[in-house]
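Structural description and commentary
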Amino acid sequence: MYQADYLQRFTEEVFKSIGCPDDQAALAAEVLVSADLRGVDSHGIARLAGYVRLYDHGRLNPAPNIRVVHETPSTAVVDGDRGLGLVVAPKAMHIAMEKAEKVGSGWISVRNSNHFGIAGYHAMMALEKDMIGWTMTNAAPLVVPTFSLDKMLGTNPVAVAVPAQDEPPFVADFASTAVAYGKFEILQRKGLPAPLGWAQDADGQPTTDSNAVKSGGGLLPLGSDREHGSHKGYGLGAIVDIFSGVLSGANYGPWVPPFATAGFMAAQEGVGMGTGHFLGAMRVDGFRPADEFKSHMDNWIRAFRKARAVEGKQVLIPGDPERETEALRRKEGIDLLPPVVQSLSELAQRFGLDFEAQ
């Protein structure tokens, strides 16, 4: 078990070792470890070596000049200069919130970025200012649209964070696929099969092979198949791709470059610049008084918590599992799988850092 502070300090040192400025290294480490704290292990420190490989392949600029290249009072396009998405996305969200403070809402489309970690981190930034936060990103093509044999979309997650008064905030953070690809990476590390409905093989047939995507298959959209609503997951992923990529000038569809952990994928010649994100902030008091709204959010949350549940279960509010996991892991520590520990140990050796393999 590793304490979050220990992992964050180590991660920060790795980012500084590849040339990230101190403030950006600290922010990137915070975003990455926040995923582990919230139980999203697929997007946490297990991906640290992947960001280093992006740097090794010349796809990551460790000291980017993140800048606005086009804007109106409520919108902007941000160029991430090939920086860490872990840094680019928070910068874009700050711009969105600044615009929201002035005109009620701010909407930022980002190009020329990289993988930005968990979407929920960036959306939750808006909560402190009584704003509703929206974040989404496109990603490398691992997903087959309904009836397709070709991988055309990424897992393309969406996150929305809504403040409440006395209750914890509503935080929905989910991929537009049945699961994120990182879940397959976890199964691969454990040598386990995947549940039916997560992927199809190269012939378009359902499979439980956790390596199917590497063997010509693809991830399935949310809903898994047409009979269970996969066209809706496909549509949601397409919306994220258009807002993040087509709108910003980033790559989109099958041209989004792969994250370094997807070593079985080759990047195609791009139609845009890097990976794209879309972030938004909305002032609650742009609609009704913030205290009034948050009081009714409390009422909404409590009503759903009181809903009758099937035996042995309870109705959860989006964000509950992550919040409970974070409280537990801050106290007891974060358990890392042996392959992740090995990866971190190798990074420590490469950069002359200390990492205690517990």
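You'll find the structure just up there.
Below or above, wherever it landed, is the structure these notes cover. Just so you know, these numbers come straight off a predicted model, no measurement behind them. (Residues numbered from 1 in each chain as written. Predicted model: local features only at pLDDT ≥ 70, side-chain atom pairs only at ≥ 80, totals over all residues. Heavy atoms only, no water.)

Focus on the overall build of the chain
Along its length, the chain carries ten helices and ten strands. If you line up the chain on its principal axes, its C-alpha atoms span 50 × 50 × 45 Å. Relative to its 358 residues, the chain shows a buried fraction of 53%. A fraction of 66% describes how many contacts in the chain between residues 6 or more apart in sequence connect residues 24 or more apart. In the form shown here, the chain has an accessible surface area of approximately 16,200 Å², with 52% of it arising from carbon and sulfur atoms. The positive charge centre, built from 33 side chains, and the negative charge centre, built from 42, are 2 Å apart in the chain. (Helix = DSSP H or I, 4+ residues; strand = E, 2+ residues; numbered from the N terminus. Buried < 20%, exposed > 50% of the residue type's maximum accessible area, 1.4 Å probe, protein only. Contact = heavy atoms within 4.5 Å. Areas by Shrake-Rupley, 256 points an atom, 1.4 Å probe, with all protein chains shown as cover. Lys, Arg positive; Asp, Glu negative; His and termini not counted. Charge placed at Lys NZ, Arg CZ, Asp CG, Glu CD.)

Some words on the nonpolar core
Core analysis: the biggest nonpolar cluster contains 64 residues, and Phe15, Leu48, Leu84, Leu336 and Leu344 have the highest contact counts within it. If near-sequence neighbours (up to four positions away) are discounted, Leu344 is found in contact with Phe10, Ile45, Leu48, Leu336 and Phe355. Counting residues in each nonpolar core, the second largest holds 17 residues, with Val158, Ala290, Ile301 and Ile317 among its members. (Core = buried A, V, L, I, M, F, W, Y, C linked by side-chain atoms within 4.5 Å.)

Describing the pattern of salt bridges
Summed over all chains, the structure comprises 18 salt bridges. Across the salt bridge formed by Glu71 and Lys99, the nearest N and O atoms sit 2.8 Å from each other. Taken together, the residues Glu71 in strand E1 (residues 67-71) and Lys99 in helix H4 (residues 85-103) connect sequence positions 28 residues apart. Residue classification places Glu71 among the partly exposed positions, given a relative accessible area of 48%. Taken together, the shared-partner salt bridges connect Glu167, Asp298, Arg302, Arg305, Asp320 and Arg323 into one network. (Salt bridge = Lys/Arg side-chain N within 4 Å of Asp/Glu carboxyl O.)

A closer look at the packing of aromatic side chains
Evaluation of the coordinates by the stated rule reveals 14 aromatic pairs. Through successive ring pairs, a cluster of aromatic residues spans Tyr2, Tyr6, Phe10 and Phe355. (Phe/Tyr/Trp six-rings, centres within 6.5 Å; stacked < 30°, edge-to-face > 60°.)

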